[in-house]
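# Commentary on secondary and tertiary structure
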Amino acid sequence: MASGLGKDLIYVILQFLNEEKYRETARMLEKESGVFFNMKHFEELVMGGKWDEAEKYLSGFTKMEDNRHSMKIFFEIRKQKYLEALDRQDKGIAVDFLQTDLKVFAALNEVLYKELAQLVVLNNIRENPQLTNYGDSRTARAIMLVEIKKLIEANPLFSIDKLVFPEMKSKRLHMLINHSLNWQHSLCANPLPNPEMKTILVDHHCRSPNDQYGTQLNLSNQHHGFQPRAEGLTPMFVNGIFQPMPAPVQTPLSSWMAATPSSSSHPVSGAGIVLSGLTNTTVSRGAGDFASTSRARPSMAVDRTMMPGPSHSQNPGLTLNTSDDLPKIVTRTLNVGSFPTSMDFHPIQQTLLLVGTDVGDISLWEVSSREKLASRNFQLRDITSSSMTLKAALIKDPFVSVRRILWSPDGSVFGVAYSKHLVHLYAYFGGNDIRLHLEIDSHTGSVNDIAFCKPNQQLCFISCGADKTIKVWDIATGAQLHKFEGHEAAVHSLCPHSKDNVHFIFSTSVDGKIKAWLYDTAGSRVDYFAPGCSCSTMIYSADGKRLFSCGTSKEGETHLVEWNENEGIVKKTYQGFTKRSLGLVQFDTSKNRYLAVGDDHLVKFWDMENPIPLATTDAEGGLMATPRIRFNKEGSLLAVSANENRIKILATVDGLLLMRTYESLTVSASRGASEIPTKNRDSVNLQDVKGKGIAEGNPTKAWKPTEINAPAQFRSLKLSAHIKTDKISRLIYNNSGNAILALASNAIHLLWRWSHNDSNTSGKATTKVAPQLMQPASGLLMTNDLTDCKQDEAVPCFAVSKNDSYVVSASGGKVSLFNMMTFKTMTSFMPPPPAATSLAFHPQDNNIIAIGLADSTVCIYNVRVDGVKNKLSGHSKRITGLAFSQVLNTLVSSGADAQIIVWDSEKWVKQRGCFLFPPGRKCAVSETNVQFHHDQKQLLVINEAQLSIYDISKLECLRQWIVEESSAPISHATFSCNSQFVYCSFLDGTIRIFAAPNLQLQCQINPSAYLPSGISSSVYPLAVAAHPQDPNQFAIGLVDGNVHILEPPETEGKWGVPPPLEIASTSRTPPPAVAPDQMQTD
């Protein structure tokens, strides 16, 4: 079978054959190459009763004798063929099938073969007790096909890359040929502006003026045997670089970034190399060229597994619930006081909204409480130092409006662009504390847009204006760093970005021109018109992989498009603009999936993949003709400007939960006036756990964490088990949320599952209904291997597959893979020493398992080939925690050496690392666990002395909570499913619930609330697990072998009251309490 680039080439050829409808040839190539098993084609053969063709196609991928899965597949096909012949009363044909096709299975199961033979004497096969429910042939085939698909998915020979066709852009072969010709043309000695491309059978070159016959001589050696059919074959260069056109060829959007600028260049597009395959550094909506920090939903990628399980769509996007993903619930209305012209949500505390108005006012709002935290009217800091042109403009017309307001990527600074000359930069210190940092007389006339960037690891901001220029400024001093000139009209918008450390800026002007600039003096690299010569805004998706623009022409026509950067052409045009717009429309993106536009008194939504509008909302009426719109970074809130100087806040369900987290009982007028310590100290007495430093007269002093001392104050359920176990070492919910799995220290697994019934209509885990302890009729238990195990040194660990069918587990002996339905051990591997101490499934391929070992290494194990793929070294003591981030393509490991290391999960090399040194502790912490935030970009680090949340891209500590020396150590902790809470257990039996955005204590559950009186004080939770869908439900596993499910009171629906907003704002981004020591990377 092909591998590497050869395999990719077969995929590309298969795509070409399918697009050109050469289906039989495509199926033949699939079978002969063994690269891709076309399940749809196989299903059609089976459902059509084409048994011989089905077996022939199947034989290209597996033979009957390969393994038991393959044998079972062939048996099911031949058995069905035999049963259908009997059902048709074709006894002679059936006997022939029995003696030929089925005879080969007799040696394996003689009893079954005899039972099949006895069916021949029956007048109706349904007389057999096992076939009483046998329906018609089509129904029987469908039932059999379900079983066969499970067998195929479980068969090691059918790896996930054989069952799922890789995603690639349409007409990939055409594009590759275009790129090749583009490169060949760039090497021509005398390149022509519009070369003719008539063949790909020989290399292209432009003939020189003195070589009138060069081209004919080169073409004379071509072969002309292949004649494409007249219909169905797409022209090779239908979207190519070298389309015949009267004007010079337009430069691709990305090709100018491929090489160092040169004073001489070819008149054709670019330098011949494009960046389509390079890693993107994301910029979110003009916020500068930083890596995106927006929260992403858990990936819906196809679950790669060699085991049976539910099938997954090849288009993961179709599985999302759009009604939940789109913010359409009007939840707040803000009365701004004047017409809002620009809005922006804080990138970290995502319920803070900046607003700029048409009278020059700016204001900061906490949308959850509808409170205006701070406001500033427009005024000059020092009119005496202002330019004469600015003074003259203000004397002639003192009216000033805000054209753009924008947070910096870390939320510590925001900029304001005004309609006359000025940019103001404010520093934000939390709460209502905003201070003017810089006032810059930046442009003559209106400043139309601003953006933040970091081209040389130096935070800068960019401005553009009516004077047709673009300028880059030092954010600390206000010094001008760059000035770009070349537009022939006022510059309307900016879109900075970076790819592979190449930093650049897109700019658009009111005459419809689009230009691109590097941070140098060589001028614009791209010069062309937006669709319809519209005044446009350009935005990259949050992951930086897709580029969109939206603009309105002078005639009121709106154009929303996606660009093909590689070819400099419009890739997709979105429909839904039936009326002429009355003004410039605004748009925004969300979740790397949705587009939103304010138009025709509505907010219109599109799925990025579909040009047809997905949904619209009028936000309960009262919207402007072209409302301003702005998503928060998570995409859970949408601010929309409305008539009567109002802003409506639309929310998803996640948005409602987010706002609830930041709500408080009372909101103080002196919000944020006091500094809150950046480290929170543990205390046994909750009376001391308050927002320290708040004045006595402040109403928020009344707030304190909720304390639970009795069972009546919350809901709980103790799970019953008749199986004797030791302490619960590990605990986890399944991904569906309807079962919970525990691993005891004696290597026995306990699985409880909730049923779907009248008492539990959701079928999910709940304290209202007791679950059933699962155990097969055989009495089999899932018990880990203990051979060569040192019980006193064993570290139990496990991980559950995405499809909830399998668990990989170890308790000091071999690593075992169990079927969670049958409890059977599928395989065991990696006997000690060294013993496995931590386990994690790869998020994109369940056949890849990261295994942390007692010898301080991490093995990347491939179940499919039963071998170690890579071995990672960097720790000095045993591995205690592993966590994958699919968003960042990283694996994080933690060790008993108090060290955290970040690994590239594609190349398996170390990226960065740091040490943890808790205050007052001279020795390293013995146990450190890690878990990724819901956004897969922040990391929760847990050890006995502290809770910390890190920005994993920098390994920078964002927030930290320290346990006092006199207090009980932490035993375990975990994020809630939405990462808004941290559930933490302690060795004295206390359970504390922290608000994750600031690690402030929100609720404390004392042991008396969940443990019966008389229980030994040595009983405490050793494991904590959070429900995967309900953020307010969690479970604890105790050292006495019991498991409890805990939920807040039904009347309240949440664990206590979140800390007041001033505590949240001042504790949001503190300096790290323990500065990580950066390690030397290999």
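Residues numbered from 1 in each chain as written. Predicted model: local features only at pLDDT ≥ 70, side-chain atom pairs only at ≥ 80, totals over all residues. Heavy atoms only, no water.

Check the secondary structure of the protein and you find 16 helices and 60 strands. In the protein, buried positions account for 56% of the 1082 residues. In the protein, of all internal contacts separated by at least 6 residues, the share reaching a separation of at least 24 is 55%. (Helix = DSSP H or I, 4+ residues; strand = E, 2+ residues; numbered from the N terminus. Buried < 20%, exposed > 50% of the residue type's maximum accessible area, 1.4 Å probe, protein only. Contact = heavy atoms within 4.5 Å.)

Another aspect to go through is the packing of aromatic side chains. One pass over the full model with this rule turns up 28 aromatic pairs. Judged by centre distance (5.4 Å) and plane angle (15°), the ring pair of phenylalanine 484 and tryptophan 517 falls under stacked. Residue phenylalanine 484 is found in strand S14 (residues 480–485), and its partner tryptophan 517 is found in strand S17 (residues 513–518); the two are separated by 33 residues along the sequence. Across this residue pair, the class does not change: phenylalanine 484 and tryptophan 517 are buried. Taken together, a centroid distance of 4.8 Å and an interplanar angle of 65° make the contact between tryptophan 961 and phenylalanine 994 edge-to-face. Within this pair, whereas tryptophan 961 is found in strand S52 (residues 956–962), its partner phenylalanine 994 is found in strand S55 (residues 991–995), the two being separated by 33 residues in sequence. Comparing tryptophan 961 with phenylalanine 994, the two get one shared label, buried. Through a chain of ring-to-ring contacts, the aromatic side chains of Phe37, Phe42, Tyr57, Phe61 and Phe158 assemble into a single cluster. Over the ring of phenylalanine 97 we find lysine 81; its NZ or CZ atom is 4.6 Å from the centre of that ring. Just above the ring of phenylalanine 429 sits the side chain of arginine 435; from NZ or CZ to the centre is 4.1 Å. (Phe/Tyr/Trp six-rings, centres within 6.5 Å; stacked < 30°, edge-to-face > 60°. Lys NZ or Arg CZ within 6 Å of the ring centre and 35° of its normal.)

Among the nonpolar cores identified, the biggest contains 41 residues, and Phe37, Phe42, Leu58, Tyr82, Leu102 and Ile152 are the most heavily contacted of them. When contributions to this core are tallied by element, the ones reaching two or more residues are helix H3 (39–47), helix H4 (51–58), helix H5 (68–87), helix H6 (91–100), helix H7 (110–118) and helix H8 (137–154). Of all the elements, H5 adds the most residues to this core, at 8 residues. Residues within four places of phenylalanine 37 in sequence aside, it is in contact with Phe42, Tyr57, Leu58, Phe61, Ile152, Phe158, Lys162 and Leu163. (Core = buried A, V, L, I, M, F, W, Y, C linked by side-chain atoms within 4.5 Å.)

Let us now look at the sheet that holds strand S38 (residues 806–810). Spatial ordering of the open sheet is given by S37-S38-S39-S40, a layout of 4 strands whose pairing is antiparallel. Unpaired on one side and paired on the other, strand S37 (797–800) and strand S40 (825–829) mark the two borders of the sheet. Along the sheet, successive strands turn relative to each other by an average axial angle of 15°, direction set aside. The pairing of S37 with S38 spans 4 bridges and is classified as antiparallel. By the bridge assignment, phenylalanine 798 is partnered in S38 with serine 809. (Pairing = 2+ DSSP bridges. Axes fitted to C-alpha atoms, helices over the stretch in contact; angles between N-to-C directions.)

What follows covers the environment of glycine 568. Here glycine 568 lies in the loop between strand S21 (558–564) and strand S22 (569–574). Taking the C-alpha atoms as reference points, glycine 568 and valine 526, 42 residues apart in sequence, are found 9.2 Å from one another.

Before going further, it helps to examine the side chain of threonine 62. Looking at where threonine 62 falls in the secondary structure, it is placed in the loop between H4 and H5. Overall, the relative accessible area of 1% leaves threonine 62 in the buried class. A distance of 3.0 Å separates a polar atom in the side chain of threonine 62 from a polar atom in the side chain of aspartate 66. Side-chain polar atoms of threonine 62 contact the side chain of serine 70, separated by 2.6 Å. In this view, threonine 62 contacts Ser70, Phe74, Asn155, Leu157 and Phe158; residues no more than four positions away in its chain are not counted. (Polar contact = N/O pair within 3.5 Å; in protein donor to acceptor, adjacent residues only side chain to side chain.)

Quick look at the pattern of salt bridges now. As enumerated under the stated definition, the model contains 30 salt bridges in all. For lysine 149, the salt bridge is made with glutamate 43, and the minimal N-O distance between the two is 3.2 Å. On the criterion of sequence distance, the pair formed by lysine 149 in helix H8 and glutamate 43 in helix H3 is long-range, its members being 106 residues apart. In this structure, the salt-bridge partner of arginine 593 is aspartate 607, at a minimum N-O distance of 2.8 Å. Taken as a pair, arginine 593 in the loop between strand S23 (586–590) and strand S24 (594–599) and aspartate 607 in strand S25 (residues 602–607) lie far apart in primary sequence, 14 residues in all. Aspartate 607 shares its class with arginine 593; the two are buried. In the salt-bridge network here, residues are joined through shared partners; they are Arg546, Glu562, Lys571 and Glu609. (Salt bridge = Lys/Arg side-chain N within 4 Å of Asp/Glu carboxyl O.)

This prediction gives the protein a mean pLDDT of 80; 81% of its residues lie at or above 70. Counted against residues more than four places away or in other chains, residues 259–322, with its pLDDT under 50, gives 191 contacts. In this model, residues 664–701 is a region of pLDDT below 50 whose contacts with residues beyond four sequence positions or in other chains number 82 contacts. (pLDDT = per-residue confidence, 0-100.)

Our focus in this paragraph is the sheet that holds strand S12 (residues 460–465). If you walk across this open sheet you meet the 4 strands as S11-S12-S13-S14, and the pairing is antiparallel. Each of the sheet's edge strands pairs with one partner strand only, and the pair in question is strand S11 (447–453) and S14. Adjacent strand axes in the sheet meet at a mean angle of 20°, parallel and antiparallel pairs treated alike. Sheet analysis places strand S13 (residues 469–474) next to S14, joined by 5 bridges and oriented antiparallel.

Right, let's talk about the environment of cysteine 797 for a bit. Looking at the element boundaries, cysteine 797 is found in strand S37. Separated by 40 residues in the primary sequence, cysteine 797 and threonine 837 place their C-alpha atoms 6.1 Å from one another.

One can find serine 401 in the loop between helix H13 (388–396) and strand S7 (402–407). Take serine 401: its relative accessible area is 10%, and that puts it in the buried class. The contacts of serine 401, once residues within four sequence positions are left out, are Thr357, Asp358, Gly360, Ala417, Tyr418 and Ser419.

A contiguous nonpolar patch, built from Ile329, Val653 and Leu656 and spanning about 210 Å² of accessible area, is present on the exposed surface. Tracing the backbone through its elements, the reader meets leucine 656 in helix H14 (residues 653–662). (Patch = residues over 30% accessible without salt bridge, like charges linked within 9 Å, V, L, I, M, F, W, Y side chains within 5 Å. Areas by Shrake-Rupley, 256 points an atom, 1.4 Å probe, with all protein chains shown as cover.)

Time to look at H6. All of the buried residues in H6 are Ala94, Phe97 and Leu98. For H6, the angular spread of buried residues about the axis comes to 100°, placing them on one side. Those residues of H6 that are exposed and angled more than 90 degrees off the buried face are Gly92 and Gln99. Buried residues belonging to H6 abut H5 and H7. (Arc of directions from axis to C-beta.)

Interaxial distance between H5 and H7 falls to 11 Å at its minimum, and their mutual angle equals 20°. By the angle class used here, H5 and H7 are roughly parallel. In the packing of H5 onto H7, the handedness of the crossing is right-handed. Contacts between H5 and H7 involve Phe75, Lys79 and Tyr82 from the former and Leu112, Leu116 and Ala117 from the latter. Per-class residue counts for the contact of H5 with H7 are 5 nonpolar, no polar and 1 charged. (Parallel < 35°, antiparallel > 145°, perpendicular 65-115°, else oblique. Left-handed = near helix turned anticlockwise from the far one by under 90°. Nonpolar A, V, L, I, M, F, W, Y, C, P; charged D, E, K, R; others polar.)

With 6 of 6 residues buried, strand S54 (residues 981–986) lies mostly within the body of the structure. Taking every second residue as pointing to the same face, both faces of S54 are buried, with Phe981, Tyr983 and Ser985 on one and Val982, Cys984 and Phe986 on the other. Pairing of strand S53 (residues 970–975) with S54 involves 5 bridges; the strand directions are antiparallel. Within the sheet, the bridge partner assigned to phenylalanine 975 lies in S54 and is valine 982. Here S53 hands over to S54 after 5 residues, with serine 979 in that stretch at a positive phi of 60°. Bridging between S54 and S55 involves 5 bridges; their strand directions are antiparallel. The residue of S55 that forms the bridge with valine 982 is phenylalanine 994. The turn linking S54 back onto S55 is made up of 4 residues, and glycine 989 within it adopts a positive phi angle of 90°.

Another point: the packing of H3 against H8. Two numbers describe a pair of packed helices, the interaxial angle and the distance between the axes. Packing of H3 against H8 brings their axes to within 10 Å, and their N-to-C directions diverge by 145°. Remark: the crossing between H3 and H8 carries right-handed chirality. Contact residues: H3 offers Met39, Phe42, Glu43, Val46 and Met47, while H8 offers Arg138, Arg141, Ala142, Met144, Leu145, Ile148, Lys149 and Ile152. Its residues assigned to classes, the contact of H3 with H8 shows 9 nonpolar, no polar and 4 charged.

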